[in-house]
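# Coordinate analysis (summary)
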Amino acid sequence: MTDDENKAVRSLTNIAQSIYDQIDSGRIPKMTLPLRTKGNIRFDPKHGVFKYGKATGARSAKKVNGALMLLRTMYVLEFIEDMIANSKSSTLREMYYISEGWEKAKFSSQDESNLLAEDLEIVTACMREDLKLRAEENGASIIGDITISEMDRKGRLKKINCRDDVGDSGYGIPNNVEREKVQLLGTNAKFVIAVETGGMFDRLVENGFDEKFDAVLVHLKGQPARSTRRMIKRLNEELKLPVVVFTDGDPWSFRIFASVAYGAIKTAHISEYLATPTAEFVGITASDITNYKLPTDRLTDVDVRALHAELKDPRFADEYWRGEIETMLKLNKKAEQQALAKYGLDFVTDKYLPEKLNNMGVLR
Amino acid sequence: MASIADELAKKQKEISVSEFFERNRHILGFDSQVKSLIMGIKEAVDNSIDACEEADILPEITVMIERIEKDEFRVTVEDNGPGIVKKAIPNVFGRLLYGSRFHAVRQSRGQQGIGISATVMYGQITTGKPATVISKTGKEDVAWRMDIMVNTKKNLPDVLKEDPFIWDGKEHGTKITYHMNGRYVGGKQSVMEYLKQTAIVNPHSRIAFVDPDGKRTTFERATEKMPPATKEIKPHPSGLELGTLMNMSKETRNKTLGKFLQLDFSRISDRLAKEICEKADLSMNANPAKLNLEELKRLLAAIGAVKIMAPPTDCLSPIGVNLIKKGLRNVLDEVRPEFYAPPVTRDPKVHSGNPFLVEVGIVYGGGLPKDSPVQILRFANRVPLLYQQGACVVTKAIESTDWRRYGLEQRGGSGIPFGPAIILVHVASTKVPFTSEAKEAIANLPEIQSEIELALRICGRSLKTHLNKKETKSKTRVKFEIVQEILPLIALKSAKIVGKPVPKLSGSITKIMNVVWIDDSVSYEKKHHRVRVSIYNYTPQSQKFNLHMVIPPGSFDYKGLQFFPSEVRDDGKVSWELPKIASTERLDINFSLNGLNKEDYDENEIYASGINPVLIIGAEPLPGDWDVKGMQITESEEAPVQEEEDEEVDYDESKEALNDD
């Protein structure tokens, strides 16, 4: 057993011990956890990211939901300890299906089992990889002049240049992007541009944006997976590449940017591993909608509610974001990245991005 | 030169009643194709049941509808009633306003004698075909078959054909067959619904129905007992109108005013007649037929000025609490309602000289639709009212009751409530005040409305009690699942992971529950009710208290008891002095009830004494008027153990903003 595995088993057993002791001393068993709500994320000046604050909640056997989650926790503990003992690992989805055999403790949805896995990360202070749980979500892809080496399934190191050695879909970011698996060897690029949608990513690739402007293109695929965010962070920290984020102009895209730059609410316990505090937002901004006279859609009720929720989100509590959100509410409009095609297929790479990036000082 | 008046007089001629109704058929309810079909059957079935009851025969009625052409139907209604003597058959079926009940003051379904002849008339108007009537009385050997039409000009029957014949296997009864244009539909206003509702309020009837597709539905009878026969009474003087008084005084057989008042009205005694005459300044010996208008007016005023007892009420025939329940059950069993509120039969009251009474029943839950307005079943003298719901006093009374108090949804506390419920209202009277001749809605009289409202509220309260009980139980049942199923598993697993023996649960369990929980059930098999009462002591202390139940008197079975009751009283009150139950222990009491029908007992009524009521769930505190003789009452002094109130946020209920996308 490795040190990490030892630590994981110790922490897991501690959880069970605590539950056991509470029952044995005649109390109602409970677990105390930091509240994973937007009201309980605080800026951590040391890392420049948002992390959980001090508010805690109890998962108690007093209520059926709590009691069931505690029971599931016991099953999951046992399951993880077994995997560690037998050098196995499973995906989160596999764990969800394995719970089919847990009768009363069976998960009612995969959301529930995913949440519990994150709860355990928080309580044990171990990453889920240490708990032998893998996400089945695959990271997205990268195209650009960086050279990496990846340990393949046969244990050999493969050297890959993410511009020259890959096809049109780019280098696929693996689930595990930690140093033992992926090493960043070098780059000639000047910056990283993370793109929300596949359509725009392909447009930049086809227009040769990466070569023309010495850019590394990262496809976010919507709300980015942990490995994608971790990869962006490493490109930023280790290769010293500035990061910009290019998304649609709607409330949901603001949240995508926030999870890349500030940390996601759901994974705020590991924001310092995942978030890139220096990342900047290119657009589509609310003012782009008017400045570029973009084709738009009206905001739906859900959109409006999301924007109002963002006004209460500590991550957006600065002048820039407040302005963006309020402008969008006032316009009552949103626009997609691909709306730029109104001015032709090359407009985004010839005009929009160079203009914006120049203003931001990313292109000299 | 003939005057204009003479000219006009030439055109003016008498219009016969039948002619009038022929032109105004909507007055009788024949105003649409769908409705006409229902109305015809309703008139025939009402007559059949009335006839059977008058002859003290349990009704057996068969209704058959056959499709002849697209819009033409042949309808047959057959009963096992006393039959009609040959002489009377043509008038009963072929003449409007011919009936035995028009002048009688008693509760009956038909009143004016219009219905069945109007049906014959409507059939002949729409199809040109006569009605065929077969009838046989018990005395005669032969039955008579007649083809009858209404002569609308004269309001007299035309008999087209009459034959005597032997009605095989039929002792007595009547069968009418007529043709009618109409439209056959299902749903809330349909023949099927009408017959179903008729079966509910006439549980002594057996009603079979064959629809146009040949499908047969039978509503079996739920009781073999005939409703008590209704008595005929004399008109009650209160609410009397001048015109009626004039007619009665002209037609009376009594030669003196004193006798006329005493014998032609109910509730007027010799003394009272004297008082009225004095007040009216008329002689007791005056000839009533010779009173002039002025004198009659004085007489009426005098009648209004004296105090007269309410009319006798034995002329009314309520369905009765038990039979309402039986009737509802019999017909609704397929939707498995979870609760039948004990029906309410109010004491008779009077509206303008006519006795009336109100009965209400509520059915709740089970397969009844949850998100629609409650279903209202309206009945007048045991006849379902399917139309004009909005105009009916029953609907008014339901709408003006605040149902939110009784557990149904109702926006703003008025209007028809929403929820899985059926509300049944029956108004019985010697004269039901309908809004029109079609007898579709009961007029909005304040006396009637307030009686209905009172009955609704009583029924509503039982419903609320039931719903409250259910809610407390389900809340506790949830906790029960925690301590009985989930917690033991948590203990088992945690012990396995840390490699220690399974810990004792009693401490955690009593902290989670901290109540004595009583769970009970009733089942019925092989003519016995089996009752189980399980008592779980989930408090940290041991508990000793007394348990009390109310069962139908005389049904308690002493055989095979584990715990003998300390007292079984004649009125059905049963008490147990329970042994001490240790913390987290359970005690079961099982017993049987004998000799009851299934519907006589379906919910346990459980009370507890000698224990702090807040500690008990599933039993009510013993009411003060229970009168526990010889049983030791020790009111427990201990305060309930306060629940450990930690102000911690529930982790699993605060994940609102967990999603970033």
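Residues numbered from 1 in each chain as written. Chains lettered and ligands numbered in written order. Predicted model: local features only at pLDDT ≥ 70, side-chain atom pairs only at ≥ 80, totals over all residues. Heavy atoms only, no water.

### Regarding the sheet that holds strand 13 (residues 215-219) of chain A
All names here are of chain A.
- With mixed pairing, 6 strands are arranged side by side in an open sheet as 10-7-13-12-14-15. In the strand order of this sheet, the two ends are held by strand 10 (171-172) and strand 15 (280-283), each with one partner.
- Examined bridge by bridge, strand 12 (residues 191-195) and strand 13 share 5 bridges and lie parallel to one another. By the bridge assignment, Val 192 is partnered in strand 13 with Val 216.
- Across the face of the sheet, helix 13 (residues 347-360) comes into contact with strand 12, strand 14 (243-246) and strand 15 while running at roughly 145° to strand 15. (Pairing = 2+ DSSP bridges. Helix = DSSP H or I, 4+ residues; strand = E, 2+ residues; numbered from the N terminus. Contact = heavy atoms within 4.5 Å. Axes fitted to C-alpha atoms, helices over the stretch in contact; angles between N-to-C directions.)

### Quick word on the pattern of salt bridges
- Applying the stated criterion across every chain yields a total of 53 salt bridges over all chains.
- The salt bridge involving Glu 78 of chain A is made with Lys 493 of chain B; its shortest N-O contact spans 2.5 Å. Of this pair, Glu 78 of chain A sits in helix 2 (residues 64-85) while Lys 493 of chain B is found in helix 13 (residues 446-498), placing the two residues in two different chains. The pair Glu 78 of chain A / Lys 493 of chain B is uniform in exposure class, with both members buried.
- Bridged by salt links that share partners, the residues Arg 36, Arg 59, Glu 118 and Asp 119 of chain A form one connected network. (Salt bridge = Lys/Arg side-chain N within 4 Å of Asp/Glu carboxyl O. Buried < 20%, exposed > 50% of the residue type's maximum accessible area, 1.4 Å probe, protein only.)

### So, the interface of chain B and chain A
- On the side of chain A, 51 residues touch chain B, which itself brings 42 residues to the contact.
- Of the roughly 4200 Å² buried between chain B and chain A, counting both surfaces, carbon and sulfur atoms make up 60%.
- For the interface between chain B and chain A, the tally reads 4 salt bridges.
- The residue Lys 104 of chain A makes a salt bridge to Glu 481 of chain B at a minimum N-O spacing of 2.9 Å.
- Put simply, chain B and chain A have 7 residue pairs in polar contact (both at pLDDT 80 or more) between them.
- At the level of elements, helix 13, helix 14 (506-512) and strand 25 (649-650) of chain B are the ones that each hand at least two residues to the side of chain B that touches chain A.
- For the side of chain B that touches chain A, the leading source of residues is helix 13 of chain B, giving 16 residues.
- Here 2 bridges tie strand 4 (residues 56-60) of chain A to strand 25 of chain B, and the two strands are oriented parallel to one another. Residue pairing in the sheet places Gly 57 of chain A in a bridge with Val 649 of chain B of strand 25 of chain B. (Buried area = accessible area lost by both parts, 1.4 Å probe. Polar contact = N/O pair within 3.5 Å; in protein donor to acceptor, adjacent residues only side chain to side chain.)

### Quick word on unusual backbone geometry
- Put simply, Gly 283 of chain A and Ile 284 of chain A share a cis peptide bond, and its omega is 0°.
- By secondary structure assignment, the location of Ile 284 of chain A is in the loop between strand 15 and helix 10 (286-291).
- Despite not being glycine, Asp 56 of chain B shows a phi value in the positive range, around 60°.
- Counting through the fold element by element, Asp 56 of chain B comes out in the loop between helix 3 (33-54) and strand 1 (60-67).
- A positive phi angle, near 60°, is found at Gln 388 of chain B, a position not held by glycine.
- The residue Gln 388 of chain B is located in the loop between strand 13 (383-385) and helix 12 (393-399) in this model.
- Classification of Gln 388 of chain B as partly exposed rests on a relative accessible area of 41%.

### Brief notes about the sheet that holds strand 21 (residues 586-594) of chain B
All names here are of chain B.
- Reading across from one edge, 18-21-16-15-23 is the order of the 5 strands in this open sheet, with mixed pairing throughout. Of all the strands in the sheet, just strand 18 (556-557) and strand 23 (616-617) have a single pairing partner and so form its edges.
- Across the face of the sheet, helix 13 comes into contact with strand 15 (516-525), strand 16 (528-537) and strand 23 while running at roughly 110° to strand 15.

### Re the packing of helix 8 (residues 251-261) of chain A against helix 12 (residues 319-331) of chain A
Residue and element names in this part refer to chain A.
- Running from amino to carboxyl end, helix 8 crosses helix 12 at an angle of 165°, the nearest separation of the two axes being 11 Å. With respect to helix 12, the axis of helix 8 lies roughly antiparallel. Along this stretch, helix 8 crosses helix 12, giving a crossing that reads as right-handed. Facing Pro 251, Phe 254 and Phe 257 of helix 8, the residues of helix 12 in contact are Trp 321, Glu 324, Ile 325 and Met 328. (Parallel < 35°, antiparallel > 145°, perpendicular 65-115°, else oblique. Left-handed = near helix turned anticlockwise from the far one by under 90°.)

### Focus on the packing of aromatic side chains
Residue and element names in this part refer to chain A.
- Counted by the stated rule, this structure contains 33 aromatic pairs over all chains.
- Both rings, one in Phe 281 and one in Trp 321, keep their centres 5.1 Å apart while their planes meet at 50°; by these two values the pair is tilted. Highlighted residues: Phe 281 in strand 15 and Trp 321 in helix 12, separated in sequence by 40 residues.
- Phe 281 gets classed as buried once you look at its relative accessible area, which sits at 9%.
- A relative accessible area of 1% means that Trp 321 is categorised as buried.
- Their ring planes at 75° and their centres at 6.1 Å tell us that Tyr 292 and Phe 347 sit as a pair that is edge-to-face. (Phe/Tyr/Trp six-rings, centres within 6.5 Å; stacked < 30°, edge-to-face > 60°.)

### Quick look at the domain arrangement of chain A
Residue and element names in this part refer to chain A.
- For chain A, the assigned domains are domain 1 (3-134) and domain 2 (141-360).
- In this structure, domain 1 and domain 2 have C-alpha centres spaced 31 Å apart.
- Contacts between the two partners involve 15 residues from domain 1 and, on the opposite side, 19 residues from domain 2.
- In total, domain 1 and domain 2 occlude about 1800 Å² of area from one another, counting both sides; carbon and sulfur atoms represent 64% of this. (Domains from an automatic or database assignment.)

### Overview of the environment of Gly 595 of chain B
- Position of Gly 595 of chain B relative to the elements: it lies in the loop between strand 21 and strand 22 (606-609).
- Here the alpha-carbon distance between Gly 595 of chain B and His 528 of chain B, two residues 67 residues apart in the chain, equals 7.0 Å.

### Observations concerning the confidence of the model for chain A
- Looking at chain A as a whole, its pLDDT mean stands at 90, while 99% of the residues score no less than 70.
- Mean pLDDT across the elements of chain A ranges from a minimum in strand 6 (residues 133-134) of chain A, with 86, to a maximum in strand 14 of chain A, with 96. (pLDDT = per-residue confidence, 0-100.)

### Topic: the nonpolar core
- Ranked by size, the top nonpolar core spans 58 residues in total, and within it Ile 41, Val 45, Ile 176 and Leu 195 of chain B carry the most contacts.
- The dominant element in this core, judged by the number of residues it contributes, is helix 3 of chain B, at 8 residues.
- When residues of this core are assigned to domains, at least three map to each of domain 1 (17-219) and domain 3 (330-467) of chain B.
- In terms of nonpolar packing, the next biggest core, distinct from the first, is built from 57 residues, Val 9, Leu 68, Leu 71 and Ile 84 of chain A among them. (Core = buried A, V, L, I, M, F, W, Y, C linked by side-chain atoms within 4.5 Å.)

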